[in-house]
Every structure is written in structure tokens, then in C-alpha cells.
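# Secondary and tertiary structure notes
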Amino acid sequence: MRDLSRLLRPKSIAVIGGGAWCDQIIHQCQKIGFQGDVWMVHPKGIALRGVQSVPTISDLPGVPDAVFVGVNRHLSIDLIGQLSAMGAGGAVCFASGFSEAVAEDSTGHDLQSQLVAAAGDMPILGPNCYGFINALDNALLWPDQHGCAPVDRGVAILTQSSNIAINLTMQQRALPIAYTVACGNMAQTSQAQIALALLDDPRVTAIGLHIEGFGDTAEWFELSQKAHAKGVPLVALKVGKSDQAQHATISHTASLAGSDAGAQALLRRLGIAHVHDLPTFLETLKLLHCNGPLDARTLSSVSCSGGEASLAADTAHGGSMSFPALTNDQKQSLKRALGPMVALSNPLDYNTYIWRDAQAMTDAWLPMAALHIGLTLLIVDYPHTDASDWVCATEAAIAVRAQSGRPVAVVATLPELMPLDVAHTLMAAGVTPINGLSEAITAAEIAANMSAPSDVPPLLAGDDRDGVVMTEFEAKCALADVGVTVPRNATGLSSAADLVQPFAVKGMGIAHKSELGAVKLNVVHADLKSVIATLPGTSILIEEMVQGAVAEMLIGVVRDPAHGFVLTLGAGGVLTELLQDTVSLLIPASVSDVKTALTRLKTYKLLTGFRGKPAVDIDALVTSIMAVQAYVVAHAHTISEVEINPMMCMPDAAIAADALIRKCPERT
């Protein structure tokens, strides 16, 4: 991997070009207090902000560590080549018109390839990229205003969008941002590679990733392993609904796994926390910066309002975080602090008679920050008119954090009611100021549920395979060979004589048979001939009907070039797409992974026995799932999709009532 240290932590900076963008680079370097050399290259010998240019790269007084190339795309390629040849530390390619503009200019891909070739071993960010801000060392290549300020330690934020990067630096939430990197087109240096380089800086406490696409999943696997080993949490805001797995919706699985299921499965596999909006992204990073992952899925809530106490409880309802009942020790401590007139519970409404007495407030709040509580939420909304009377709350929160040693957050129910100066004061004392109650609960849930990455990389899918659809008979034979239980069957009247009625009779060569009337159930021997005559399809399949199922499940796999082979488990049968009760993993998944995934389904209650009904044979179901996975792994170079729907789950067996496989012919 290329060494990005000189580029991201430069001692010397060069700016190539003129105009407003290059002027801003020099201005922002001076403004942030960059202590190294700043040079400039311009053929007309102009000066910007006291920096005199030299006409060519070869005229520079030394070899620069970091270079902003702010010229047109064609000239950029030549200059990048010159910088690489002289041994520069790295460059930001600002110009656009490369692969992102291929729809308007078909030469974009060729130019991007030329750019990468010109760079050689020298790292480049972009093209179509603003660059980076290093607020730890007061160094940047950034051609615009920004909101970063020097910090001693903090989080790193990486995004492909320069505009989103600017917006995130402008946050007024007291989040210390150590690095901001706009990754641009990532022609050469990927987002995962940049994050890997930032992990080498011990001052980085967490990394936030605004991800548009993953690219090389092997790099993300390496990143997850290194981040976990260093104890640096990763948080991702994944945007875009992947259509790689949607091009063909032959199976229910393809339609269900064709959104961002693959991305979610990959993030879960890598142990990367997944958020869905920018405010939660920032608040989660803030919480992780202060505390790292939380050690319990439990909350305490403290407020001086019963309404706020109820609001906190309702906001957390349905999630994985709980408000455990007070212990006897907590109750005794609270009674001593609050007296007999306060109803003791969690969430706690402590009333307001101790307000303005920071010590009394500390005594009342401290028992709530017990050892078994993952995060204590102190709900305080500071008025924007005059917050001087709220200093007591800030002091008490800091005291509770110091005396308990436990994670403590001061939460404003409305984001705008957390003053920035108060937030900075709290952060300096290790108390997390959180803007918004829902953001606080979600951030806590994410921080408490972070898991270690799998130590097995996902199976790479490569390019898509259109393939052809096997008949159901062929698919079931293939799956039976790897251990999936299928019904006894026959493909003609003569061979059906030994089968036990009633039968399911199907017309083959049709994907969604039940929707097209190609399935007849409860057929007896005497009616076989007449029923077969009415069925559409190219051939017929006669099966012994599977009876006594407690639940119908779906097991499916689709090839997703962006993420790997996506294994989808969920409620099966004709209502599969209506119920949308599914969970997805990446192959290979362990038996433990599969069993855990099943517990996340609403349907799991049926599997374990619901309202007096028997439980299904979970082990038989898992065995079938692992058999499907084994088949996919063995045929990974040809498989497009595999589906069993429904898998009839019974107290003593799991039988595939229908199966579909789409694959390419074996290559010779």
C-alpha cells in the first residue's frame, strides 16, 4: 500500500496554478497556522498572499510533501507525472472531467487511466477532489472555507463528496475533527486505503465514513481488522440503493436483496456501525470519541420533568437499549439525596427543588450513573436567551462523570438548545454533549452494539453472471447432493406410481409458478393425468406434498458484485415480498452467524413455538442453510442466484418445497 504520511502530514506544500481556488489554498494554510514551507508554481511568475511563484516544478526549492494541482485535467496528468518523477509525497488532483463525466465526455475513463499511470507509486487524492484538512498538525490542501479548528485529538471523517465534507466541518456540535478528507473519484487511492493510513495516527479516536460505494471489499476487510486491533471504532453513513443485484428479479431473493441489503450485510460483517443520517453520524462519532463503544445496553435518564422522562422512555421503546429498574443501592442513595417526596424510577424525574445547588444535583444524579449502566443521559435544554441559571447543571454533569468514571451525556431534547460554549466545556471534561434526544438514543444503541469484525473475509463475487435457470427438478437434485432435504418426486406418470398421495403437481420452466396457476395441490393418483393436461410449462414435476409445516421460510443467495454473495433468510411462501421479514448476511457465514441472524426475524417466534404450536427443528433448518452456502461456494464462478422458497419447517425436519438455481454453464 502507498505511504500517505507525507501527503496527509506534510512539512512542505506546493500549489500549482492560480486563480481563486489556489489563492484559497494559501489563505487557508496561513489561517490554520501551517508552520511548514508553502511554495507556488505558475508560468507567469505571479504572487498570491505573499507567496511568489516559480515558473516550473523543477524550479521549486525542494521536493514538496503535498501538492495541490489546480489546473485543467489534461495539464494535470503531465504535472502529476513530473511530481511523481521528482519524488513528491503526494498530490490532490482538483480537476474534474474524468470518470465522473464519462456520460458527457467518453474520454473521461481514458484520462483517468492516464492520470493513474502518471502518478505511479506517488499517492494522489481525486480527481474531482477538494483534498484534506489535518487539524492535528495545522496542515491542509483545501481550496475553500471550512469549519475545522486545531485539535489535539479527534475523529477523522472521509467522504467522496467535497460539499458534504465542507458541511460536516461546519458542525456546531463540539465534535473535534482531526482529519477531513474528500476522496473524490478515488482513481488511485481508495477511501479504505485512506482510512487505513489514518489509523496509523494514534490521535485519531474514531473514523466516520460517508460511503457511496465500497469498491475492493478486501481493502475494507483489512481496514476492519486493523481498526479493531487498534481499538478505533468505524461508523458508516452508506448512501445509494445498490442495483447490482436487482438487474434480474427471477427469484423473490433477488428482489429482496436488491436494495442495500448487501451493503448492510457487509458493514455488519466488518463490524462497522451503520447510521442513516448526518446528525446521527456526528452524534455517534462524538459519543465514541468520548467513551469508545459502550459496555452495556442499558440507559439511565435523569430530568426535572415527568414529560421528558416519558419522552426518553418512548424514544428508546422498540430498540435494544433498556432502562433497567433501580437497584436497592440506587434507591437508598436517591432517597438520601432527594428525600421522600420524589417518586424513584428510571427514567428519573428528580423535580426542581434542588436546582441551582450543584452539589445537591450531583448527589441526586450520581446514583443513576451506576456500574451496570452503559450511558447516563442527563436531559438539559439550555435556553438561548439567558443560560446563566443552568451553569449548575453543567457543573453537576461534570462532577458525575468525574466521580462515577462512567459514560455520561448531557442531552438537549432539541438540537438547537445545546449552546456551543457549554458543549465545549462538557467535552473538555469527558461528558458527551448530544444535540437531540432521538440522536442520543440512536447513538447509544449503536455504541452499545458494536461488534468485532469477522476474521473471515467475504467470498468475492466478481462480475455478474446472467446464467440460465435450471428446472426445479434439476435444482432440487443439485441441492439434494449437498444435503438439502427435498420431497420424493417423479417427472412422469409412470414413475409416480410408488409415490404417496396427495401430490403437488407443477409445470416446470416457469419462475413464479403459483402466480401463473402452474401448481396444483392435494392431487390424488386418480386425477394426475387430467391435472397434468391443464398445467402450463415445458415439463411436469410430481412431488409428495409436504404437510404439517409450522412455518414457511425462504433461503436465498444472490451474486452482488459490489459486496459479495448475499445470503438472505426470511419469511417464505407466497407472501414473502409482502411480509418483507428478512435478514441478510455475506457468504461465508458460520453456523453461529446463521443462528443469530434467524433470531432477528419476526418469524423467529414461529420457529420457536408460538401460541401453543410446536417449535420447528432449528438444527435441520440451519443444516439446509449451510448446505445452500456450500453449494454456492463450490460453484461461485458460475452461480447467479439460488433460492429455496418455501422451505417447509416442521418439528422434525426442514424440506425444500420449491427451489430455483440460476447459473452459467461450467467453464472448461
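Anything mentioned here points back to the structure above.
Okay, so let's go over this structure. The shown structure was predicted, so the numbers you read here are calculated from the model rather than taken from an experiment.

## Quick notes on the overall build of the protein
For the protein, the count of helices and strands is 22 helices and 30 strands. Counting all 668 residues of the protein, 56% fall into the buried class. Summarising the internal contacts of the protein: among those between residues at least 6 apart in sequence, 71% fall at separations of at least 24. One way to put it: in the protein the 42 positive side-chain charges average out to a point 3 Å from where the 63 negative ones average out.

## A word on the packing of helix α11 (residues 306-316) against helix α16 (residues 437-448)
Axes are the key here: two packed helices are described by the angle between their axes and the distance separating the axes. At their nearest, the axes of α11 and α16 sit 10 Å apart, and the two run at 45 degrees to each other. By the angle between their directions, the pair α11 and α16 is classed as oblique. The crossing of α11 and α16 is right-handed. Contact with α11, carried on its side by Leu311, Ala312, Thr315 and Ala316, involves Leu437, Ser438 and Ile441 of α16 and no other residues of that element.

## Regarding the pattern of salt bridges
Tallying each qualifying case throughout the model produces 17 salt bridges. As a salt-bridge pair, arginine 173 and glutamate 283 come within 2.5 Å of each other at their nearest N and O atoms. Of this pair, arginine 173 sits in the loop between α5 (162-169) and β11 (177-182) while glutamate 283 sits in helix α10 (residues 278-291); the two residues are 110 residues apart in sequence, bridging distant segments of the chain. Given the relative accessible area of 16%, arginine 173 is considered buried. Of the charged contacts in the structure, one is a salt bridge between glutamate 472 and lysine 476, with a shortest N-O distance of 2.7 Å.

## Digging into helix α15 (residues 420-428)
Those residues of α15 not exposed but buried are Val422, Ala423, Leu426 and Met427. Buried residues in α15, looked at end-on, bunch into an arc of 135 degrees, giving them a common side. For α15, exposure combined with an orientation more than 90 degrees from the buried face picks out Asp421 and Ala428. On its buried face, α15 sits against α10, α14 (391-404), β18 (408-412) and β19 (432-435).

## A closer look at the packing of aromatic side chains
The way to describe two aromatic rings as a pair is by their centre distance and the angle between their planes. Counted by the stated rule, this structure contains eight aromatic pairs. Centre to centre, the rings of phenylalanine 94 and tyrosine 130 are 6.1 Å apart; their planes meet at 40 degrees, and the pair counts as tilted. Of this pair, phenylalanine 94 sits in the loop between β6 (91-93) and α4 (108-119) while tyrosine 130 is found in the loop between β7 (124-125) and β8 (132-134), placing the two residues 36 residues apart along the sequence. Among the aromatic residues, those joined into a cluster by ring pairs are Trp21, Phe68, Phe94, Tyr130 and Trp142.

## Describing the nonpolar core
Among the nonpolar cores identified, the biggest contains 104 residues, and Leu141, Ile157, Leu158, Leu198, Ile207, Trp220 and Phe281 are the most heavily contacted of them. With eight residues, the single largest contributor to this core is α16. Excluding its chain neighbours within four sequence positions, the residues that come into contact with tryptophan 220 are Gln191, Ala192, Leu209, Ile211, Phe214, Leu270 and Ile272. Membership of the second largest hydrophobic core comes to 42 residues, among which are Leu569, Leu607, Ile618 and Tyr631.

## Thoughts on the sheet that holds strand β2 (residues 37-41)
Overall, parallel pairing links the five strands, which are arranged β2-β1-β5-β6-β7 in an open sheet. The two strands at the open ends of the sheet, each matched to only one other strand, are β2 and β7. Each of β1 (12-16), β2 and β5 (66-69) touches helix α2 (residues 19-32); the most contacted strand, β1, lies at about 160 degrees to it. Here helix α3 (residues 73-86) sits on the sheet in contact with β1, β5, β6 and β7, set at roughly 165 degrees to β5.

## Observations regarding the sheet that holds strand β13 (residues 234-238)
On the basis of which strands lie adjacent, the open sheet formed by seven strands has the order β9-β8-β11-β10-β12-β13-β14 and mixed pairing. Each edge of the open sheet carries a strand with a single partner, namely β9 (139-141) and β14 (273-275). Ignoring which end each strand starts from, the neighbouring axes of this sheet average 15 degrees apart. In terms of strand pairing, strand β10 (residues 154-159) meets strand β12 (residues 204-211) through five bridges, oriented parallel. Each bridged residue has a counterpart across the sheet, and for leucine 158 the counterpart in β12 is leucine 209.

## Here we look at unusual backbone geometry
Going from glycine 126 to proline 127, the amide bond is cis rather than trans, its omega being 5 degrees. Along the chain, asparagine 645 connects to proline 646 via a cis peptide bond; the corresponding omega equals 5 degrees. Turning to its location among the elements, proline 646 is positioned in strand β28 (residues 639-650). For alanine 174, which is not glycine, the phi torsion reads 70 degrees and is therefore positive. Mapped onto the elements of the fold, alanine 174 is located in the loop between α5 and β11.

## What about the pairing of β28?
Taking burial as the measure, the twelve residues of β28 include twelve buried ones, the bulk of the element. Where strand β25 (residues 551-560) lies against β28, seven bridges are found, and the strand directions are antiparallel. Of the residues in β28, the one forming a bridge with isoleucine 555 is isoleucine 644. Here five bridges tie β28 to strand β30 (residues 659-663), and the two strands are oriented antiparallel to one another. Across the sheet, valine 642 pairs through a bridge with isoleucine 661, a residue of β30. Pairing between β28 and strand β29 (residues 653-656): four bridges, direction antiparallel. Residue pairing for β29: methionine 647 is matched across the bridge by alanine 656. Here β28 folds back onto β29 in antiparallel fashion, the turn holding two residues.

## Some thoughts on a nonpolar patch on the surface
Residues Val574, Leu575, Leu578 and Leu579 make up a contiguous nonpolar surface patch of roughly 430 Å² in combined accessible area. Along the polypeptide, valine 574 turns up in the loop between β26 (564-571) and α19 (576-579).

## Remarks on the side chain of threonine 280
Relative to the helices and strands, threonine 280 resides in helix α10. When sequence neighbours within four positions are dropped, the list of residues in contact with threonine 280 reads Val275, Glu439, Thr442 and Ile446.

## Points about the environment of valine 622
Of note, valine 622 is situated in helix α22 (residues 618-634). Residue classification places valine 622 among the buried positions, given a relative accessible area of 4%. For valine 622 and leucine 598, which are 24 residues apart along the polypeptide, the C-alpha to C-alpha distance reads 9.3 Å. Residue contacts for valine 622: discarding those within four places in its chain leaves Val591, Val594, Lys595 and Leu598.

## Focus on the packing of helix α13 (residues 358-365) against α14
It is at 8 Å that the axes of α13 and α14 come closest, and there the two elements cross at 45 degrees. The angle between the axes of α13 and α14 places the two elements in the oblique class. Handedness of the crossing formed by α13 with α14: right-handed. The segment α13 lies against α14, with Ala358, Met361, Thr362 and Trp365 engaging Cys392, Ala393, Glu395, Ala396, Ala397, Ala399, Val400 and Gln403. Here the residues of the contact of α13 with α14 sort into nine nonpolar, two polar and one charged.

## Focus: the side chain of aspartate 65
When you line up the elements, aspartate 65 lands in the loop between β4 (51-52) and β5. By relative accessible area, which is 11% here, aspartate 65 ends up buried. A polar contact is formed between the side chain of aspartate 65 and the backbone nitrogen of lysine 11, at a distance of 2.8 Å. Setting aside chain neighbours within four positions, we find aspartate 65 in contact with Arg6, Leu7, Pro10, Lys11, Ser12, Gly89 and Gly90.

Each value, and the rule that gives it
- Residues numbered from 1 in each chain as written.
- Predicted model: local features only at pLDDT ≥ 70, side-chain atom pairs only at ≥ 80, totals over all residues.
- Heavy atoms only, no water.
- Helix = DSSP H or I, 4+ residues; strand = E, 2+ residues; numbered from the N terminus.
- Buried < 20%, exposed > 50% of the residue type's maximum accessible area, 1.4 Å probe, protein only.
- Contact = heavy atoms within 4.5 Å.
- Lys, Arg positive; Asp, Glu negative; His and termini not counted.
- Charge placed at Lys NZ, Arg CZ, Asp CG, Glu CD.
- Axes fitted to C-alpha atoms, helices over the stretch in contact; angles between N-to-C directions.
- Parallel < 35°, antiparallel > 145°, perpendicular 65-115°, else oblique.
- Left-handed = near helix turned anticlockwise from the far one by under 90°.
- Salt bridge = Lys/Arg side-chain N within 4 Å of Asp/Glu carboxyl O.
- Arc of directions from axis to C-beta.
- Phe/Tyr/Trp six-rings, centres within 6.5 Å; stacked < 30°, edge-to-face > 60°.
- Core = buried A, V, L, I, M, F, W, Y, C linked by side-chain atoms within 4.5 Å.
- Pairing = 2+ DSSP bridges.
- Patch = residues over 30% accessible without salt bridge, like charges linked within 9 Å, V, L, I, M, F, W, Y side chains within 5 Å.
- Areas by Shrake-Rupley, 256 points an atom, 1.4 Å probe, with all protein chains shown as cover.
- Nonpolar A, V, L, I, M, F, W, Y, C, P; charged D, E, K, R; others polar.
- Polar contact = N/O pair within 3.5 Å; in protein donor to acceptor, adjacent residues only side chain to side chain.

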